[in-house]
Amino acid sequence: MSTLKNKIDFIALVSVTRANSNGDPLNGNRPRTDYDGYGEMSDVCVKRKIRNRMQDLGNAIFVQSEDRCDDGCGSLSERASAALKEYSKDREKYARAACAKWLDVRSFGQVFAFKDNKGFSVGVRGPVSVHQAVSVSPVDIESLQITKSVNGEKKEKEENRASDTMGMKHFVRFGLYQIKGSINVQLAEKTGFTEEDAATVKECLRTLFVNDVSSARPDGSMEVVKVYWWRHNCKEGQYSSAKVHRSLEIRQKENVVTPGCPEDYDYILHPLAGLEPEVMDGV
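Since the model is a prediction, treat every value here as computed from it, not as a measurement.

**Considering the pattern of salt bridges**
1) Next: For the structure on display, the rule yields 18 salt bridges.
2) Next: Residues Arg-251 and Glu-249 are paired through a salt bridge, measuring 2.6 Å at the closest nitrogen-oxygen approach.
3) Next: Taking the relative accessible area as the measure of exposure, Arg-251 reaches 44% and is therefore partly exposed.
4) Next: What makes Glu-249 partly exposed here is its relative accessible area of 24%.
5) Next: One continuous salt-bridge network, built from bridges that share partners, spans Arg-18, Glu-142 and Arg-173.

**Regarding the nonpolar core**
1) Next: Ranked by internal contacts, the top residues of the largest apolar core, which has 37 residues, are Ile-50, Ile-183 and Trp-229.
2) Next: Of all the secondary structure elements, the ones that give two or more residues to this core are strand S1 (8-19), helix H1 (43-56), helix H4 (103-108), strand S7 (128-130), strand S10 (166-183), helix H5 (185-191), helix H6 (195-206) and strand S11 (222-231).
3) Next: Here this core takes 6 residues from S1, the largest share from any one element.
4) Next: Setting aside residues no more than four positions away along its own chain, Ile-50 makes contact with Phe-108, Val-130, Cys-204, Leu-205 and Leu-208.
5) Next: Listed in part, the 16 residues of the second largest apolar core include Phe-62, Val-105, Phe-112 and Val-122.

**As for the packing of helix H2 (residues 76-84) against helix H3 (residues 91-101)**
1) Next: Between H2 and H3, the shortest axis-to-axis distance is 11 Å and the interhelical angle comes to 105 degrees. Between H2 and H3, the angle is such that the two are roughly perpendicular. Of the residues in H3, those touching H2 at Ala-80, Ala-83 and Leu-84 are Tyr-94, Ala-97, Ala-98 and Lys-101.
2) Next: In terms of residue class, the contact of H2 with H3 is made up of 6 nonpolar, no polar and 1 charged.

Conventions used here
- Residues numbered from 1 in each chain as written.
- Predicted model: local features only at pLDDT ≥ 70, side-chain atom pairs only at ≥ 80, totals over all residues.
- Heavy atoms only, no water.
- Salt bridge = Lys/Arg side-chain N within 4 Å of Asp/Glu carboxyl O.
- Buried < 20%, exposed > 50% of the residue type's maximum accessible area, 1.4 Å probe, protein only.
- Core = buried A, V, L, I, M, F, W, Y, C linked by side-chain atoms within 4.5 Å.
- Helix = DSSP H or I, 4+ residues; strand = E, 2+ residues; numbered from the N terminus.
- Contact = heavy atoms within 4.5 Å.
- Axes fitted to C-alpha atoms, helices over the stretch in contact; angles between N-to-C directions.
- Parallel < 35°, antiparallel > 145°, perpendicular 65-115°, else oblique.
- Nonpolar A, V, L, I, M, F, W, Y, C, P; charged D, E, K, R; others polar.

Pasting the structure below:
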């Protein structure tokens, strides 16, 4: 395993077609948008999908979804206690053991502060930072009224809801989102994040929506269009992450009124001297 020696910046372009990219529970689970109508996906949502892909690729993950639990632990506290109890008197050894065991901990970091630890807490800062994803253009949100063809429970009273009780389903008609992020070498050295781990993160981004099908995101409705991967020639980076991310310009084509597919945009890479990205198609 080789230690990461070069700063990395990345952008993943994601298209959303008639799907709920990230529902907001405070707004009836409608897809998230800002006040100007641009679509949003929270960084927590993106990292959840990356974690799921890490797990699919055979890596041990600390923050597991309940339906993907592979070690029989019913909570984070139980998982931490089962694996790290012997280190509960030494914060440095505790953090080092957690990073060695779980890929998501040495990637994104983690706060270990549980009641079972009796006041003992450990914070790990991870090298992989992921921005909130935002759409390139404002998105249109549509809502459908849906009905049930059968009651969920046996009717006992006449006033109970009928089988045709209505509900709502919301989706983005079309949106092209940018997921931006970076990998910091100094923090990678502290957590033990390696070149092989960086390659895993890249593959997770490229295949982000594999095994991510649901009624809100039918198969094919969420797609990784492109992944741009910049590897600097030094630890600190030849340019700031902001400048690197700005070097990719996405313009709506002049003859397009309302974008409906990724081909309705032009993708322009403004060259940065000595820094050329690897460009990959998504899956």
